[in-house]
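Inside the fold
The lines below spell out each chain.
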Amino acid sequence: MFKLVFKQYKCKSTSPDLTEVVKIDDCVVKGNDQEKSDNNIVQRLSISNVESLQTMPGVKSPKDWRTYTLTNHPGIIVIRNPFSERGRRYWSARCLRDFPRTPNIVNLNERLFDESVRSDWWKQLNLCSDGVEFQRIKSAMRWTTFGYHHNWDTKIYDEEMQSPFPEDLSSLCGLFAQALGYADFKPEAAIVNYYPVGSTLSGHTDHSEPNKSAPLFSFSFGQTAIFLIGGRSLEEKPTAIYLQSGDVMIMSGESRLCYHAVPRIIKTQASATLSLIIEDVDNADIKTRTIDKDLFHDVGNPQFWEPFSRYMDDSRININIRQVLNPGDVKL
Ligand SMILES: O=C(O)CCC(=O)C(=O)O
Ligand SMILES: [Fe+2]
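Residues numbered from 1 in each chain as written. Chains lettered and ligands numbered in written order. Predicted model: local features only at pLDDT ≥ 70, side-chain atom pairs only at ≥ 80, totals over all residues. Heavy atoms only, no water.

To continue, consider the side chain of Thr55. Secondary-structure assignment places Thr55 in the loop between strand E3 (42-44) and strand E4 (67-70). You can call Thr55 buried: its relative accessible area is 13%. Here Val59 takes part through its backbone oxygen, which lies 3.3 Å from a polar atom of the side chain of Thr55. (Helix = DSSP H or I, 4+ residues; strand = E, 2+ residues; numbered from the N terminus. Buried < 20%, exposed > 50% of the residue type's maximum accessible area, 1.4 Å probe, protein only. Polar contact = N/O pair within 3.5 Å; in protein donor to acceptor, adjacent residues only side chain to side chain.)

This is the structure in structure tokens:
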């Protein structure tokens, strides 16, 4: 059942029927004090400790977050774009300019790409003046890993195979973990997935982590994904939902080991090239030491943002964060 649904949404020759794809915002209809939903698919979740959360530059105040759960998929939580425009630009730029650099690992094949491209993809891409070569380098980037590196072949993490986990991403993840009652969550491994429009991620479960009970945090930027969330077996029919720019998804509890996939990327976002107001930059100094303040400032500048904007115009980026170790363990 999962594979059939995947194929229907992936289908290149005809445009798929999108009527069943759950659009989280549209499902929830405002009732008196309570929010009710179509077919009981989407429920509003309120976060109890909003007052105690120390937010981050680029993330809206937790009291304004719109948080949802899916009745048919217990454990799935979606926070609908809690980022500001500057925040979305900041994380997109981190994923493009910084994360795919040595010592982080990237998918780029050594037979097809020079060491210079494999060690600093974004820099080399932007130095490239040949249109065909630019496109080849651009579309080849599919993932980068850091923290404990995910080994796609063996599916086994290795104590010797790790690179530093960026402090700003650790703080970002910590904020959402704390908000949802996972204050002890430790971000130890990240996969950043790059999806040019037309690319997909087939059905799988994430079970390489020795710790399979800690939730998985996923951040989406750029174009919209159709995301399939299924059950523990491929027999169960998955639900398709839209993951839009800025959406945060948490796979916790029962859903942590469920099948999921991205059968399609849909271009929905117009390019954002405007200059951003400068006021929100001032907070960056006060609130945290972990973000790259220069980058946070620069992404508001249209000239600086332009190459990033062009990439995001026909791509989606997903940051996928896991805890690897069991509580109390300090190594594998
Ligand atoms: O792109 C996504 O939303 C999902 C990525 C994913 O499932 C993974 O990296 O394991
Ligand atoms: Fe996954």
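What follows covers the coordination of the iron ion (ligand 2). Protein coordination at the iron ion (ligand 2): the donors are His204 (NE2), Asp206 (OD) and His260 (NE2), at 2.1 Å from the metal. Mapped onto the polypeptide sequence, the residues donating to the iron ion (ligand 2) form the spacing pattern H-x1-D-x53-H. Here His204 is found in strand E10 (residues 201-204), whereas its partner His260 is found in strand E15 (residues 260-266), with 56 residues between them in sequence. Residue class for His260 comes out buried when judged on its relative accessible area of 6%. (Donors = N, O, S within 2.8 Å, 3.2 Å for Na, K, Ca; no water.)

Next up on the list: the site of ligand 1. With respect to spatial proximity, the complete set of residues near ligand 1 consists of Asn193, Tyr195, Leu201, His204, Asp206, Phe227, His260, Val262, Arg316, Asn318, Asn320 and Arg322. Side-chain polar atom of Asn193 to an oxygen atom of ligand 1: 2.9 Å apart, as the coordinates give it. The side chain of Asp206 places a nitrogen or oxygen atom 3.2 Å from an oxygen atom of ligand 1. If ligand 1 stood free it would expose 290 Å²; the protein chains cover 97% of that surface. Here ligand 1 occupies the second largest pocket. When residues of the shell around ligand 1 are traced back to their parent elements, those giving at least two are strand E9 (189-196), E10, E15 and strand E16 (315-322). Per element, the largest residue contribution to the shell around ligand 1 is four residues, and it comes from E16. Broken down by class, the residue content of the shell around ligand 1 amounts to four nonpolar, five polar and three charged. (Near = heavy atom within 4 Å. Areas by Shrake-Rupley, 256 points an atom, 1.4 Å probe, with all protein chains shown as cover. 1 Å grid on protein atoms, 1.4 Å probe; cavity = no way out; pocket = protein on both sides within 12 Å on 5 of 7 lines; lining within 4 Å. Sits in = over half its atoms within 2 Å of the grid points. Nonpolar A, V, L, I, M, F, W, Y, C, P; charged D, E, K, R; others polar.)

Counted as a void, the second largest pocket has a volume near 320 Å³. What lines the second largest pocket is a set of 24 residues, among which Leu201, His204, Asp206, His260 and Arg322 lie closest to the centre. Counting residues per element, the lining of the second largest pocket draws most heavily on E16, at four residues. (Points joined across faces, edges and corners; volume = space filled by probe spheres on them.)

Right, let's talk about the packing of helix H3 (residues 85-98) against helix H7 (residues 167-179) for a bit. Where H3 meets H7, the axes come as close as 12 Å, and the angle between the chain directions of the two elements is 135°. The angle between H3 and H7 places the two elements in the oblique class. Relative to H7, H3 is oriented so that their crossing is left-handed. For the pair H3 and H7, the contacting residues are Tyr90, Trp91 and Arg94 in the first and Asp168, Leu169 and Leu172 in the second. Of the residues contributing to the contact of H3 with H7, the split by class is four nonpolar, no polar and two charged. (Axes fitted to C-alpha atoms, helices over the stretch in contact; angles between N-to-C directions. Parallel < 35°, antiparallel > 145°, perpendicular 65-115°, else oblique. Left-handed = near helix turned anticlockwise from the far one by under 90°. Contact = heavy atoms within 4.5 Å.)

This brings us to the sheet that holds strand E12 (residues 224-229). Read from one edge of the open sheet, four strands run E10-E15-E12-E13, paired in antiparallel fashion. What marks the edges here is a single partner per strand, and that holds for E10 and strand E13 (239-243). Direction aside, the axes of adjacent strands within the sheet are offset by 25° on average. Inspection of the sheet shows E12 paired to E15 by five bridges, in the antiparallel sense. The partner of Ile229 across the bridge, within E15, is His260. Relative to E15, helix H1 (residues 2-10) is tilted by about 10°, and along the sheet it contacts E10, E12, E13 and E15. (Pairing = 2+ DSSP bridges.)

All chains considered together, the criterion is met by 18 salt bridges. The partner of Arg94 in a salt bridge is Asp168, and the shortest N-O contact between them spans 2.7 Å. Of this pair, Arg94 sits in helix H3 while Asp168 sits in helix H7, placing them 74 residues apart in sequence. Relative accessible area serves as the criterion here: at 2%, Asp168 is assigned to the buried category. Its salt-bridge partner being Asp292, residue Arg97 comes within 3.3 Å of it at the nearest N-O pair. Pair noted here: Arg97 is in helix H3 and Asp292 is in the loop between helix H8 (279-287) and helix H9 (293-298), with a separation of 195 residues, a long-range link. For Arg97, a relative accessible area of 24% gives the class partly exposed. Accessibility expressed as a relative area gives 27% for Asp292, which makes it partly exposed. When salt bridges with common partners are traced through the structure, they connect Arg94, Arg97, Asp98, Arg101, Asp120, Asp168 and Asp292 into a single cluster. (Salt bridge = Lys/Arg side-chain N within 4 Å of Asp/Glu carboxyl O.)

Two elements in contact, H3 and helix H10 (residues 302-312), have axes whose closest approach is 10 Å; the angle formed by their N-to-C orientations is 80°. Classed by the angle they form, the pair H3 and H10 counts as roughly perpendicular. Contacts between H3 and H10 involve Arg89, Ser92, Ala93, Leu96 and Arg97 from the first element and Phe304, Trp305, Phe308, Tyr311 and Met312 from the second. Each residue belonging to the contact of H3 with H10 can be placed in one class, and the counts come to seven nonpolar, one polar and two charged.

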